[in-house]
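Each chain, written out:
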Amino acid sequence: MDKEAVRTEAAPAPFQGAPYSQAIRSNGLVFVSGQLALRPDHAEIVGEGIAEQTEQVFANLRAILAEAGTGLERLVKTTVFLQNLDDFQGMNSVYAQHVGETPPARSTVEVAKLPSGALVEIEAIALA
C-alpha cells in the first residue's frame, strides 16, 4: 500500500507544527485532515460567523484537493465538527453550495471545543 503526503502553500500548514499531513493520497483516495477557517498566511481564525468560517474551510479543502489532483466534486465522505449544533443551518447552507449535485456521505457532530476558538472544522475523503 503506497502512501504519499500532499502539501500545498495555498492552505494552512499543520496546526502549530503538529505531526500530521494536510492530506494523504493512498489507493485511489485522498484523506484530508480537518480544516479550520485559517488562511495560509494568518494564524488567526477568519470570520466571526459560521458562514464566513465555513467558506474559508472550503477554500482550504479545495486547495488541498487540487494539489492532490482532485476536487470537491469527487468528495465521498466528510465529517463536520461544530462548536455549537445551533450553527448547523448556517454551515449547511454554505456546505451545499460546494458539494455539488451528488453530495458526499457526511457526519456532523457537536464538540466541546475546537482549536483557536473555531466554530467549524471539516475533514474529508475524496476519490483521487
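Our structure is the block above this text.
Along each chain, residue indices are assigned from 1 in the same order as the chain's sequence is written. Residue-level local features of this predicted model are given only where pLDDT is at least 70; pairs of side-chain atoms are given and counted only at 80 or more, and the full residue set underlies all totals for whole chains, interfaces and linings. Values shown for side chains rest on all heavy atoms present in the structure; no hydrogens or waters enter the calculation.

Participant: Explain the pairing of strand S5 (residues 105–110) to me, and be specific about the residues and the numbers.
Facilitator: Both strand S4 (residues 75–82) and S5 contribute to a ladder of six bridges, which runs parallel. Across the sheet, the residue bridging to Thr79 is Ser107, located in S5. In this fold, S4 hands off to helix H2 (residues 88–98), which returns the chain to S5; that crossover is right-handed. Any two strands between which DSSP finds at least two bridges are classified as paired. Secondary structure counts use DSSP, requiring at least four H or I residues in a row for a helix and at least two E residues in a row for a strand, with both numbered from the N terminus. Crossovers are marked right-handed if the path from the first strand over the helix to the second runs clockwise, as seen with the strands pointing away from the viewer.

Participant: Just give me the short version of unusual backbone geometry, but keep the residues and values in it.
Facilitator: Located in the positive-phi region is Asn27, a residue other than glycine, with phi close to 50°. Here Asn27 shows up in the loop between strand S2 (23–26) and strand S3 (29–35). We classify Asn27 as exposed; its relative accessible area is 59%. The phi angle at Ser116 is positive, at roughly 60°, despite the residue not being glycine. The residue Ser116 is located in the loop between S5 and strand S6 (120–127) in this model. Partly exposed describes any residue whose relative accessible area lies between the buried limit of under 20% and the exposed limit of over 50%, with all areas from a 1.4 Å probe on protein chains only and scaled to the type maximum. With a relative accessible area of 41%, Ser116 lands in the partly exposed category.

Participant: Provide a residue-level description of the pattern of salt bridges, including the pertinent values.
Facilitator: We define a salt bridge as a side-chain nitrogen of Lys or Arg found within 4 Å of a carboxyl oxygen belonging to Asp or Glu. In the structure shown here, the tally under the stated rule is two salt bridges. Close ionic contact of Arg25 with Glu4 constitutes a salt bridge, the shortest N to O distance being 3.0 Å. A residue pair is termed long-range when its members are at least 10 positions apart, and Arg25 in strand S2 and Glu4 in strand S1 (residues 4–6) qualify at 21 residues. For Arg25, a relative accessible area of 23% puts it in the partly exposed group. Note that Arg7 is salt-bridged to Glu9, the shortest N-O span being 3.4 Å. On the basis of relative accessibility, which here comes to 36%, the residue Arg7 falls in the partly exposed class.

Participant: Got a sec to walk through the sheet that holds S4? Specific residues and values, please.
Facilitator: On the basis of which strands lie adjacent, the open sheet formed by six strands has the order S1-S2-S3-S6-S4-S5 and mixed pairing. Both edges of this open sheet fall to S1 and S5, since each of them pairs with a single strand only. If you compare each strand with its neighbour and ignore which way they point, the axes differ by 15° on average. When S4 meets S6, the two strands line up antiparallel, connected through seven bridges. The residue bridging Phe81 from the neighbouring strand is Glu121, located in S6. The contact rule is simple, with two residues in contact once any of their heavy atoms fall within 4.5 Å. Axis definition: a line fit to C-alpha positions, over the contact stretch in the case of helices; interaxial angles, taken between N-to-C directions, run 0 to 180 degrees. Packed onto the sheet, helix H1 (residues 50–67) meets S1, S2, S3, S4 and S6 and runs at close to 30° relative to S6. Running at roughly 155° to S5, H2 makes contact with S4, S5 and S6 of the sheet.

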